[in-house]
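# Structural overview for review
Each chain is listed here by its residues.
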Amino acid sequence: MTASPLGVFPPKPSALAEMFTGTPSLIGAIHLPALPGSPHYTGQPVSEIARFAVEEAHAYIDNGFDGVIVENHWDIPFLKPGEHGYETAASMGVITAAVVGEFGKAVGVSILSNAGECGVAAAWAAGASFVRVNQWANAYIANEGFIEGQAAKTTRFRHRIGADPVRIFADVHVKHGAHAIVADRTVAEQTEDAEFFDADVLIATGSRTGDAASVDEVSVIRDNTVLPVIIGSGITAANVAALMKECDGAIVASSVKDNGRWWGRVAGEKVRELSRAAGK
């Protein structure tokens, strides 16, 4: 990883090294059933959803992954930041705490869409180590509409509740949306923006869930930051070896599901295959 040419933020310890011992770091995404308050919720007790999350986490970690991130993916269509109810933060906190209780601190939270403050609240209550925030700096047009960067609000909220140890995993070039607002600025510049706004780990993704990130884009992000860089979508057993040469790890889900789709169950044999291909 080469140093950022602008030195946009003072150096700090690697958040990946603090949380994970494996290289590269492989993080499995747990796509939860619909939570209370969302359109697809069927009344399932949160305790049952927590057991589901622990089972999915075992399928990842028992087969070679280093950690997991708990995500409310079945809460589609997603709300904008600031619109999530108390029930979302509470449910995510309870469910994530069950996973943390089983596996320790190698656990993160992602509340869609882009809910930095809600994610930090759930993560801190659960004892989790990090959150993923898709649009950390700048803005874009998402499926949910206009989405602004959440860095200023999230970092202030994090500090206000004493949750400074919760690390921020931030996407650089966000999937599921259009980037016309910042089309005059390069991915290199947007990388520096995310670092400047105090992210801890940067994420490169494809255009939507399950799509592979461009090797060229991953390289641009890597070459313009001193932060760890991971890939956030599209990792498979076939491409993981090549892509891991360009970064420090990955968040993986769809390719290791039993049906190859985000809504499937994690298949332990597919996790083992990908872990071996990554050299774990």
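An account of the accompanying structure is given in this report. All values derive from a computational prediction rather than experimental measurement. (Residues numbered from 1 in each chain as written. Predicted model: local features only at pLDDT ≥ 70, side-chain atom pairs only at ≥ 80, totals over all residues. Heavy atoms only, no water.)

### A few points about empty space enclosed by the protein
Within this structure, the stated rule accounts for one cavity of 30 Å³ or more. Put simply, the largest cavity is a space of about 50 Å³. Around the largest cavity, the lining residues are Gln 135, Trp 136, Ala 137, Asn 138, Asp 171, Val 172, Gln 190 and Ala 194. Taken together, the residues of the lining of the largest cavity sort by class into four nonpolar, three polar and one charged. (1 Å grid on protein atoms, 1.4 Å probe; cavity = no way out; pocket = protein on both sides within 12 Å on 5 of 7 lines; lining within 4 Å. Points joined across faces, edges and corners; volume = space filled by probe spheres on them. Nonpolar A, V, L, I, M, F, W, Y, C, P; charged D, E, K, R; others polar.)

### Thoughts on the sheet that holds strand β6 (residues 145-148)
Taken in spatial order, the three strands make up an open sheet running β6-β5-β8, and their pairing is antiparallel. Looking at which strands have only one partner, the edges of the open sheet turn out to be β6 and β8 (177-178). Inspection of the sheet shows strand β5 (residues 139-142) paired to β6 by four bridges, in the antiparallel sense. Residue pairing across strands places Ala 139 opposite Glu 148, the latter belonging to β6. (Pairing = 2+ DSSP bridges. Helix = DSSP H or I, 4+ residues; strand = E, 2+ residues; numbered from the N terminus.)

### Comments concerning the packing of aromatic side chains
Tallying each qualifying case throughout the model produces six aromatic pairs. Relative to Phe 197, the ring of Phe 196 lies with its centre 5.8 Å away and its plane at 40°, an arrangement referred to as tilted. Pairing Trp 262 with Trp 263 gives two aromatic rings, centres 5.7 Å apart and planes at 85°, and the pair type is edge-to-face. Members of the aromatic cluster, joined through ring pairs, are Phe 20, Phe 130 and Phe 169. (Phe/Tyr/Trp six-rings, centres within 6.5 Å; stacked < 30°, edge-to-face > 60°.)

### Some remarks on the pattern of salt bridges
When the charged atoms of two side chains lie near each other, side chains of opposite charge can form a pair. Taken as a whole and assessed by the stated rule, the structure comprises 10 salt bridges. Measuring nitrogen to oxygen at the nearest pair gives 2.4 Å for the salt bridge that ties Arg 185 to Asp 193. Arg 185 sits in the partly exposed class, given a relative accessible area of 28%. Salt bridges sharing common partners tie together Lys 12, Asp 198 and Asp 200. (Salt bridge = Lys/Arg side-chain N within 4 Å of Asp/Glu carboxyl O. Buried < 20%, exposed > 50% of the residue type's maximum accessible area, 1.4 Å probe, protein only.)

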